[in-house]
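# Structure assessment
Chain by chain, the residues run as shown.
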Amino acid sequence: MQKSLALKIIESRLVEGNPKKGQEIALKVNQTLTQDSTGTMVYLQLEAMGVNKIQTDLSVAYIDHNMLQAGFENADDHAFIQSVAAKYGILFSKPGNGICHQLHLERFAKPGDVLIGSDSHTPTGGGMGMISIGAGGLDVAIGMAKGTYHLKMPKIINICLEGKRNPWVSAKDIILHILEKLTVKGGVNAIMEYSGPGTKELSVPERATITNMGAELGATTSIFPSDEITLGFLKRQGREEDYRPLAADSDASYDEIVNIDLQEVVPSAALPHSPDNVASLDKIGSIPVDQVAIGSCTNGSYADFMKVAAILKGKKVDPGVSLVISPGSSNILKMLAENGALGDMIGAGARLLEAGCGPCIGMGQAPKSGAVSLRTFNRNFKGRCGTTDAGVYLVSPETAAVSAVTGKLTNPNTLGPEIKVEEPDEYENAEGYWLKSKPKPETTIEMGPNIKPFPQGSTLEDALKAPVILQTGDNITTDDIMPSNATLLPYRSNIPELSKHCFSTIVSDFRERAEKAGKSIVIGGHNYGQGSSREHAALVPLYLGVRAVIAKSFARIHQSNLVNAGIIPLTFTKEKDYEAINEGDQLEIAGLQQQLKAGTVIVTNRTSGEKFATEFSGSSREVAMLLAGGALNYAAKGVS
Ligand code: MIC
Ligand code: SF4
């Protein structure tokens with residue numbers, strides 16, 4: 001059989017199972033990355049596992065999310081992570097160095113390797129021909145401890161890029177076009193493998209923009225071939241030795257093929273409040289804009305900012321617009337400062353933030369009430385920017401920059417000939433923010449007062465009787481389940497405090513409902529738990545007594561996080577049974593352990609008297625985890 005690139009890499013790193021679609025496999029993990037807002041939990045779990053030595057070739061702990069230090073909490077988390085990094089010899093990236101995905105692409109992504117990261121945008125590394133997968137924190141902790149990662153073998157979808165793009169069509173417009181076509185569910189349980197002549201049109205940072213937003217398709221990961229363009233990028237990064245040419249066989253077989261004609265792609269935006277709500281700029285029209293934010297792990301590259309600077313040079317930001325810029329890494333910031341581009345942006349009236357996630361995760365720069373905010377980011381879920389009634393439009397850096405000047409949504413093609421930016425001969429490699437050391441097992445772990453023990457599941461009871469305390473619609477995000485913003489991110493290591501805000505975008509009294517019920521069940525629609533990898537969206541419900549979530553379908557990472565936490569994720573066998581359930585209904589499951597092993601779980605609705613069937617789609621290993629009360633209890637039993 002002619003093989004896809006993804007299958008070739010998976011086979012080369014396979015340690016368990018048969019890579020057939022839907023079957024559980026385990027891969028050797030070469031690299032891990034964590035960021036601080038999920039990292040505190042990862043390292044608390046690593047410590048709880050009593051690990052002596054980590055098993056990866058490289059593990060990196062980045063501080064990039066919780067950068068506002070309005071109180072001691074974030075700084076305490078940073079100190080905690082720094083001390084754990086020293087203990088295990090994990091490379092530590094200090095605050096200010098930049099966003100994990102941007103830095104990892106620059107310095108460490110390696111064609112053919114396997115990376116797992118406690119952040120859903122880890123697939124950014126796919127731009128470099130590596131299998132890089134976003135995972136829950138506990139999976140990353142286990143990845144470090146055991147050097148392996150379990151997943152269900154995804155289907156492999158080939159996205160064939162054909163034709164030549166038109167002037168002013170950016171990589172962002174290409175992925176928005178794919179999102180419009182495939183939707184936020186289009187990549188669930190799939191690897192998106194790019195091929196075709198159109199790939200030769202794209203630099204590594206542009207490929208990374210596309211693989212980054214594969215997360216918004218719900219994909220397990222996305223990957224580009226490793227070719228002469230990859231080699232060029234690695235040379236500029238001074239690490240040519242990491243290059244390996246990698247591609248699919250010429251007649252590789254795929255589960256699905258999607259052809260994209262680049263000629264058809266036009267400058268576009270994702271309208272509020274979903275990344276797949278895409279329309280062309282011409283169709284949306286020139287709506288007035290209040291805020292423009294440029295940066296993030298999607299569009300924080302050197303070339304992105306050089307284009308922005310070229311558009312802004314000698315001009316002035318519109319009086320009604322607040323333009324905020326946050327380059328993806330300190331290396332990029334330094335280059336922009338040294339070559340004058342930063343001066344051009346500041347001269348036009350841009351507000352400069354440090355290199356980090358910043359406004360993308362609502363850490364400051366919440367727009368004004370009812371604002372239209374154009375962002376070069378990847379998610380525009382309601383309220384994520386910090387202002388519930390603001391509308392966020394996801395756009396390319398070129399569209400963002402020209403609109404900042406005109407004060408209204410503007411197609412960059414109105415600027416005339418396209419601005420082309422060459423990559424520099426040599427990328428910067430600022431050493432000042434990295435802390436490298438050999439493992440120092442004697443290191444004292446710094447635990448500030450905000451760091452509280454995390455909840456753990458208990459052995460599964462054989463009968464569950466609990467009320468439905470919430471019924472949600474489709475596409476509920478982890479930002480809905482456990483919102484994140486400048487007020488809440490400081491509590492990522494304090495589950496009791498976070499629990500006050502669980503589901504607060506949907507109902508104001510979820511915690512009260514849960515406390516009243518003791519044990520409870522949540523009902524969801526399709527794609528339940530899409531978005532981030534944050535396991536807090538499972539740990540907080542666990543803490544509040546949620547024992548099962550029954551949904552029409554789940555997003556991949558969240559489903560694993562539920563199992564890891566010891567909450568049972570079940571899917572309706574017949575979707576129409578969702579309609580027959582009401583909040584407050586008492587549900588009962590008898591013989592739970594046996595039923596889970598069999599894969600079909602019958603639920604009795606004691607309120608209506610009806611019975612309905614649900615499925616558990618996990619592996620036998622995951623059943624064993626649920627029986628043990630979650631992944632940590634399971635690991636403690638000495639099984640992998
Ligand atoms: C996000 O973009 O939603 C985040 C914040 O990076 C999350 C991680 C988190 O919640 O800490 C993600 O994408 O996984
Ligand atoms: Fe950071 Fe935003 Fe990227 Fe998440 S999506 S890693 S918050 S820049």
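Relevant structure appears above.
## Some points on the sheet that holds strand 5 (residues 91-93)
Read across the open sheet, the six strands follow the order 7-6-3-4-5-20; overall the sheet is mixed. Looking at which strands have only one partner, the edges of the open sheet turn out to be strand 7 (131-134) and strand 20 (434-435). Pairing geometry for strand 3 (residues 31-34) and strand 4 (residues 58-62), over four bridges, is parallel. Pairing of T34 across the sheet is with A61, part of strand 4. Sheet strands in contact with helix 5 (residues 137-146) are strand 3, strand 4 and strand 6 (114-117), and its direction is about 140 degrees off that of strand 3.

## Topic: the sheet that holds strand 9 (residues 155-162)
Here we have four strands laid out as an open sheet, ordered 11-10-9-12, and parallel in their pairing. Either end of the sheet is taken by a strand with one partner, and the two such strands are strand 11 (221-223) and strand 12 (256-261). Going across the sheet, the axis of each strand differs from the next one's by a mean of 20 degrees, ignoring polarity. Contacting strand 9, strand 10 (190-195) and strand 12, helix 6 (residues 171-182) crosses the sheet at an angle of about 130 degrees to strand 12.

## Overview of the pairing of strand 4
Of all five residues making up strand 4, five are buried, and the element is well covered by its neighbours. Note: strand 4 against strand 5, three bridges, orientation parallel. Looking across to strand 5, one finds that V60 is bridged to L91. Remark: the strand 4/helix 3 (residues 72-88)/strand 5 crossover connection has right-handed handedness.

## Points about the site of ligand 1
Neighbouring residues of ligand 1: 14 residues in total, closest S37, D119, S120, S533 and R534. Contacts to ligand 1 include H65, whose side-chain N or O atom sits 2.8 Å from an oxygen atom. Within the side chain of R492, a nitrogen or oxygen atom sits 2.9 Å from an oxygen atom of ligand 1. Coverage of ligand 1 by the protein amounts to 96% of the 330 Å² it exposes when considered alone. Taken together, the residues of the shell around ligand 1 sort by class into one nonpolar, eight polar and five charged.

## Describing the packing of aromatic side chains
Within the structure shown, the criterion is met by nine aromatic pairs. Seen from their ring centres, Y302 and Y427 are 6.1 Å apart, and the 85 degrees between their planes marks the pair as edge-to-face. Of this pair, Y302 sits in helix 10 (residues 302-312) while Y427 is found in the loop between helix 13 (397-406) and strand 20, placing the two residues 125 residues apart along the sequence. For the pair Y302 and Y427, a shared accessibility class is recorded, and that class is buried.

Thresholds, definitions, all that
Residues numbered from 1 in each chain as written. Chains lettered and ligands numbered in written order. Predicted model: local features only at pLDDT ≥ 70, side-chain atom pairs only at ≥ 80, totals over all residues. Heavy atoms only, no water. Pairing = 2+ DSSP bridges. Helix = DSSP H or I, 4+ residues; strand = E, 2+ residues; numbered from the N terminus. Contact = heavy atoms within 4.5 Å. Axes fitted to C-alpha atoms, helices over the stretch in contact; angles between N-to-C directions. Buried < 20%, exposed > 50% of the residue type's maximum accessible area, 1.4 Å probe, protein only. Right-handed = clockwise from strand over helix to strand, strands pointing away. Near = heavy atom within 4 Å. Polar contact = N/O pair within 3.5 Å; in protein donor to acceptor, adjacent residues only side chain to side chain. Areas by Shrake-Rupley, 256 points an atom, 1.4 Å probe, with all protein chains shown as cover. Nonpolar A, V, L, I, M, F, W, Y, C, P; charged D, E, K, R; others polar. Phe/Tyr/Trp six-rings, centres within 6.5 Å; stacked < 30°, edge-to-face > 60°.

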